[in-house]
Amino acid sequence: MDDFLAARSQMALSLGFHIIFSCIGMVMPFFMAVSHYLYLKTNHITYKHVTKAWSRGVAIFFATGAVSGTVLSFELGLLWPKFMEHAGPIFGMPFSLEGTAFFIEAIALGFFLYGWDKFNKWFHWFTGVVVGISGLASGILVVAANAWMNSPAGFDYINGEYLNIDPIAAMFNDAWFSQALHMCIAAFVATGFAVAGVHALMMLKQQSVDFHAKSFKIAAVFGAIAALLQPISGDISAKFVAKNQPAKLAAMEAHFHTEKAAPLIIGGIPDTDNQTVKYALKIPGALSFMAHSDFNAEVTGLDQIPKENQPPIAITHYAFQIMVGIGVLLMLLSIAYFIALWKKKAWLQQKWLLKLFVFSTPLGFIAVEAGWTVTEVGRQPWIIKDVMRTIDAVTPMPGIVYSFYIFTAVYISLSFIVAFMLYRQIKMVPQLYGSTPSQ
Amino acid sequence: MIYVVIAFLWTSILLYLILGGADFGAGILELFTSDANKTKTRKTMYRAIGPIWEANHMWLIIAIVILFVGFPSIYTTMSTFMHIPLVLMLLGIIARGTAFTFRHYDAVKDEMQKIYNPIFVYSSFVTPLFLGIIAGSTVTRSINPQANNFLDAYIFSWLNAFSFAVGLFTVAICGFLAAVFIIGQTQEQSERERFIRKAKAFNIMAVLAGAVVFGVSFIEDIPLTTWVFGSWPGVAAFILATISVIVLWSIWHKPYTNTMRFLAGFQVSMILFITTWEHYPNIVLLKNGDALSLLEEQGNAKTIDALAWALLLGSIFILPTLVYLIYSFQKNPATDKT
Ligand code: HDD
Ligand code: HEM
Ligand code: HEM
């Protein structure tokens, strides 16, 4: 592995690791706020237990999210100094605001986690909501920074110089809205289904059923609403990508030849040498419709893009298929869940529905990772689209391979420990909260 | 506006040194606590830092963000030539933050604690050590942008006796800050006595480590004495710091715990003041005699303005709530059960 590849892999690893914790950090506070609210309103002790049990989990995730985020803010410079030297002052605005959001989040979390029975109960509840709002705000801000890399704005690039810098215009670049919207919804989908899945498993095992049923419902409702919105927001993203980054769209769809009424390619194995996709399902005209709302529109293919500006096709294509596939699956499950809630109450007692939720536990997070792979790998070879190539940004320091190995080892061990702690947390539920009569 | 940004940068570094330092110090104290007292120390410590440790570490992020937004070439030079100590420091940050949380939140308290504890303790030591090494390296003129081999560029940029001495000095200061901070948080007289003894010991260690820094500076030809004693603000700060040490030693056994904390914080601010004042606006001295200056390396003007506004507005939100957080848990410390 050469140093350049190592640097890219290390960046991808760190971000891919961090994103899991940041999704949870953005979304769990809202789940807790709901169950906390229900407790304050109904005085039903199970809701208090749910809130507390979740908050213990969140503390673990939060700490891991905070340290992995701290690592990231150094890594941008450690791995991509040439990029940061120019990009820092341009896309730094969201990061400076994000600092405030993080701070508020950390302060509010201090109040929330340690403030039980110490403050006015609504003040205490409110600090939990603040954790969620500021987490969401920091997610939106940092995605705006990433969107700038896809759709640079707020400067003029003249003869290799970055002039007329306007950090506010850079922050509100064209891509920020579609990306931030899609990311926020994704965080709710991923966390919602992951949490619901774990509680569904415990319900199937007949443990502390009241506790797990209440937790399940909160998470599942959030996740299901988000999963219904996600394809709509994904469509907005796809239309934007079609306009802004035709090369990325072409790679996502393994669309080799520019054509009108382009088919949507589902699955298949892209064969770059022969410029075809084998074994794929093709829906005529659907790609044209997805990209430009018109079944006959022309869609730029990879043949229009010089070889040296093409992103890796296979990875981008597979990742996109995985994300969309999961998106459709979760949407169907959500529809089933809502039918169960409103029309067919009996389904809720049946095992198959819970089993489907258990099966979906990791899917949202897999889709998140796949989605980021589409966005980031699909942007290659550019680190700033059409302005700076990734290879020109990498640190001159040799031996990045070793740092990649070390971080890989650290993150793998951390993942194991976090999973282990979570397992223990769940196993302890009957001991900690088991005496609750189910009413 | 650039001065607003610089003031925020300096303040965040200072607050990180004091608050984050006290936080690291808590782990360092544990390293120097006999096994018999460890559990108790841990409890007291947890009560003291549990609710605020996340917020304490935010100052580092603020400083880094100010650097990369406002002074990109300083950020990139440092992260290129300090790559190795930065990575080691980051590994320390990862290990410490997670071990601290894991050992408290693990639902089952068993053998795993034997894994978390040493990780927490050693990483609390290693992280400020490398922070100090990096800080020391900014003035040793060992960073050489023209270096053309690996050792000169990436190893000897930080590996020298002076930086190492600064690292140890930082560790001692952290331990000192933590002990002083925790005195006010103890609930029993015997606990209190123990932390007073620790505070004294770490204060002495800090002074000794400071002396070592001076000693090494002679060997390595770093004009540290001229920097500190060459101008009246330096001398004044040195005298004030010394007076505050004397005052502190005279009130150990009195109930003025907040005064003690103030004095300890004051000493640290004087140290940071002395070491930055003389070079200001330079913050990194390079091998070839050049220096990276905050005024010359600033990013473009519009960005600096926006950054300054973001910081000012942010602090309107942050400072009152942060003060309220610290105040609430002073009055009414966190209990150990969650
Ligand atoms: C739960 C996760 C999840 C699910 C179910 C989906 N997505 Fe997604 N997608 C993401 C999670 C995600 C993401 C991880 O959040 C990305 C990466 C960058 C971003 O802004 O969102 C993303 C990016 C992303 C992009 C690239 C945006 C860019 O590069 O600027 C497109 C075109 C889509 N998505 C489209 C879709 C469609 C049509 C879906 C249909 C169901 C879909 N996504 C489901
Ligand atoms: C958390 C979600 C994110 C994930 C999972 C992610 C994933 C990735 C991946 C897979 C790569 C490697 C691409 C390749 O080299 O082929 C990459 C590169 C990179 N990403 Fe992201 N990314 C995320 C968000 C961000 C954000 C918010 C930023 C910055 C503000 C960012 C900045 C970068 C940079 C600087 C690189 C290195 C240059 C490059 O390879 O393009 N990423 N990321
Ligand atoms: C799409 C990508 C990202 C999202 C959605 C995101 C979101 C978040 C959220 C919600 C948190 C709060 C901590 C938690 O809840 O666990 C967090 C923490 C953090 N993130 Fe990210 N982040 C992303 C990428 C990045 C990048 C690229 C950087 C650095 C350049 C970064 C830096 C940080 C830092 C420093 C923290 C720690 C703050 C704290 O202590 O609360 N993040 N992130």
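The rules behind each value
Residues numbered from 1 in each chain as written. Chains lettered and ligands numbered in written order. Predicted model: local features only at pLDDT ≥ 70, side-chain atom pairs only at ≥ 80, totals over all residues. Heavy atoms only, no water. UniProt positions renumbered as here; feature names shortened; annotations may be inferred. Disulfide = S-S within 2.5 Å. Buried < 20%, exposed > 50% of the residue type's maximum accessible area, 1.4 Å probe, protein only. Near = heavy atom within 4 Å. Polar contact = N/O pair within 3.5 Å; in protein donor to acceptor, adjacent residues only side chain to side chain. Helix = DSSP H or I, 4+ residues; strand = E, 2+ residues; numbered from the N terminus. Nonpolar A, V, L, I, M, F, W, Y, C, P; charged D, E, K, R; others polar. Axes fitted to C-alpha atoms, helices over the stretch in contact; angles between N-to-C directions. Parallel < 35°, antiparallel > 145°, perpendicular 65-115°, else oblique. Left-handed = near helix turned anticlockwise from the far one by under 90°. Contact = heavy atoms within 4.5 Å. Donors = N, O, S within 2.8 Å, 3.2 Å for Na, K, Ca; no water. Salt bridge = Lys/Arg side-chain N within 4 Å of Asp/Glu carboxyl O. Buried area = accessible area lost by both parts, 1.4 Å probe. Patch = residues over 30% accessible without salt bridge, like charges linked within 9 Å, V, L, I, M, F, W, Y side chains within 5 Å. Areas by Shrake-Rupley, 256 points an atom, 1.4 Å probe, with all protein chains shown as cover. pLDDT = per-residue confidence, 0-100. Core = buried A, V, L, I, M, F, W, Y, C linked by side-chain atoms within 4.5 Å.

Identification of chain B as Cytochrome D ubiquinol oxidase subunit II from Pelobium manganitolerans is taken from an unreviewed UniProt entry. In its Sequence similarities (unreviewed entry) section, UniProt records this for chain B: "Belongs to the cytochrome ubiquinol oxidase subunit 2 family." Looking at chain B in UniProt, the text filed under Subcellular location (unreviewed entry) is "Cell membrane".

Identification of chain A as Cytochrome BD ubiquinol oxidase subunit I from Pelobium manganitolerans is taken from an unreviewed UniProt entry. Recorded in UniProt under Sequence similarities (unreviewed entry), the annotation for chain A is "Belongs to the cytochrome ubiquinol oxidase subunit 1 family." Its UniProt record gives chain A a comment under Subcellular location (unreviewed entry), which states: "Cell membrane".

**Q** Account for the state of the cysteines, naming residues and giving values.
**A** Residues and elements named next belong to chain A. Across all of its chains, the model carries zero disulfides over all chains by this definition. No disulfide involves cysteine 184; its sulfur sits 9.4 Å from the nearest other cysteine sulfur, which is in cysteine 23. Classification of cysteine 184 as buried rests on a relative accessible area of 13%.

**Q** Requested: an account of the site of ligand 3, with residues and values cited.
**A** Around ligand 3 sit 27 residues, and of these A:His18, A:Ser22, A:Gly25, A:Phe102 and A:Val142 come closest. Those chains with residues close to ligand 3 are chains A and B. The separation between a nitrogen atom of ligand 3 and a polar side-chain atom of A:His18 is 3.0 Å. No other element matches helix α2 (residues 45-79) of chain A, which puts eight residues into the shell around ligand 3. Of the residues belonging to the shell around ligand 3, the class tally is 15 nonpolar, 10 polar and two charged.

**Q** Give a detailed account of the packing of α2(A) against helix α7 (residues 209-244) of chain A, specifying residues and quantitative values.
**A** Residues and elements named next belong to chain A. For the pair α2 and α7, the least separation of the axes is 10 Å and the interaxial angle reads 70 degrees. By the angle class used here, α2 and α7 are roughly perpendicular. Classified by chirality, the crossing of α7 by α2 is right-handed. Residues Thr46, Tyr47, His49, Val50, Ala53 and Trp54 of α2 form the contact with α7, whose participating residues are Asp210, Phe211, Lys214, Ser215 and Ile218. Across the contact of α2 with α7, the residue classes break down as six nonpolar, three polar and two charged.

**Q** Account for the coordination of the iron atom of ligand 3, with residues named and values stated.
**A** Of all protein atoms, just one serves as a donor to the iron atom of ligand 3, and that atom is A:His18 (NE2), at 2.1 Å. If you trace the backbone, A:His18 turns up in helix α1 (residues 3-42).

**Q** Explain the environment of A:Val71 residue by residue, including any values.
**A** Along the chain, A:Val71 turns up in helix α2. In this structure A:Val71 comes out as buried when scored by relative accessible area, which is 0%. The contacts of A:Val71, once residues within four sequence positions are left out, are A:Phe407, A:Tyr411, B:Leu90 and B:Ile94.

**Q** Got a sec to walk through the pattern of salt bridges? Specific residues and values, please.
**A** Pairs can form between side chains of opposite charge whenever their charged atoms are close. Residues and elements named next belong to chain A. Taken as a whole and judged by the stated rule, the model has four salt bridges over all chains. Note that aspartate 210 is salt-bridged to lysine 214, the shortest N-O span being 2.8 Å. Of this pair, aspartate 210 and lysine 214 both sit in helix α7, four residues apart, which is roughly one turn of that helix. With respect to burial, aspartate 210 and lysine 214 carry one shared label: buried. Linking aspartate 235 and lysine 239 is a salt bridge whose minimum nitrogen-to-oxygen distance equals 3.0 Å.

**Q** Residue-level account of the site of ligand 1, with values.
**A** Residue and element names in this part refer to chain A. Taken together, 21 residues surround ligand 1, and among them His182, Lys248, Met323, Val368 and Thr375 come closest. In the environment of ligand 1, an oxygen atom lies 3.3 Å from a nitrogen or oxygen atom belonging to the backbone of glutamine 179. Contacts to ligand 1 include lysine 248, whose side-chain N or O atom sits 2.6 Å from an oxygen atom. Partitioned by chemical class, the residues of the shell around ligand 1 number 11 nonpolar, nine polar and one charged.

**Q** Account for the interface of chain A and chain B, naming residues and giving values.
**A** Taken residue by residue, the interface counts 61 residues in chain A and 64 residues in chain B. For the pair chain A and chain B, the summed buried area comes to about 5800 Å², and 78% of that belongs to carbon and sulfur atoms. The three residues of chain A that bury the most area against chain B are A:Phe74, A:Phe103 and A:Tyr114, which together make up 14% of that side's buried surface. The tally of links between chain A and chain B comes to four residue pairs in polar contact (both at pLDDT 80 or more). For the side of chain A that touches chain B, the secondary-structure elements that each account for two or more residues are α2, α3 (81-114) and α14 (400-427) of chain A. If you tally residues by element for the side of chain A that touches chain B, the top one is α3(A), at 21 residues. Looking at the side of chain A that touches chain B residue by residue, the class counts come to 42 nonpolar, 13 polar and six charged.

**Q** I'd like a description of a nonpolar patch on the surface, backed by residues and values.
**A** A contiguous nonpolar surface patch, about 440 Å² in accessible area, is contributed by A:Leu228, A:Val324, A:Val328, A:Leu332, A:Ile335 and A:Ile339. Locating A:Leu332 in the fold gives a position in helix α10 (residues 313-342).

**Q** Report on the confidence of the model for chain B, specifying residues and quantitative values.
**A** Residues and elements named next belong to chain B. Here chain B averages 79 in pLDDT, while 91% of its residues score no lower than 70. Per-element averaging of pLDDT across chain B places strand β2 (residues 291-293) at the bottom with 69 and helix α5 (residues 83-105) at the top with 86. Reported confidences for the modelled complex are a pTM of 0.89 and an ipTM of 0.85.

**Q** Please give an account of the nonpolar core that cites residues and values.
**A** Residues and elements named next belong to chain A. In terms of nonpolar packing, the biggest core is built from 221 residues, with Trp80, Phe83, Trp148 and Phe357 touching the most fellow members. Sorting elements by how many residues they give to this core places α1 first, with 17 residues. When sequence neighbours within four positions are dropped, the list of residues in contact with tryptophan 148 reads Phe83, Ala87, Ile90, Phe91, Ala153, Phe155, Ala170, Asn173 and Ile384. Grouped together as the second largest cluster of nonpolar side chains are 17 residues, Ala262, Met290, Ala319 and Val374 included.

**Q** Before we move on, can you summarise unusual backbone geometry with the specific residues and values?
**A** Where the residue is not glycine, phi is negative for most of them; where a peptide bond is considered, it is trans in most cases. Residue and element names in this part refer to chain A. Proline 381 follows glutamine 380 through a cis peptide bond whose omega is 0 degrees. Its place among the elements puts proline 381 in the loop between α12 (363-377) and β9 (382-384). In this model, asparagine 43 sits at a positive phi of 65 degrees, which is unusual for a non-glycine residue.

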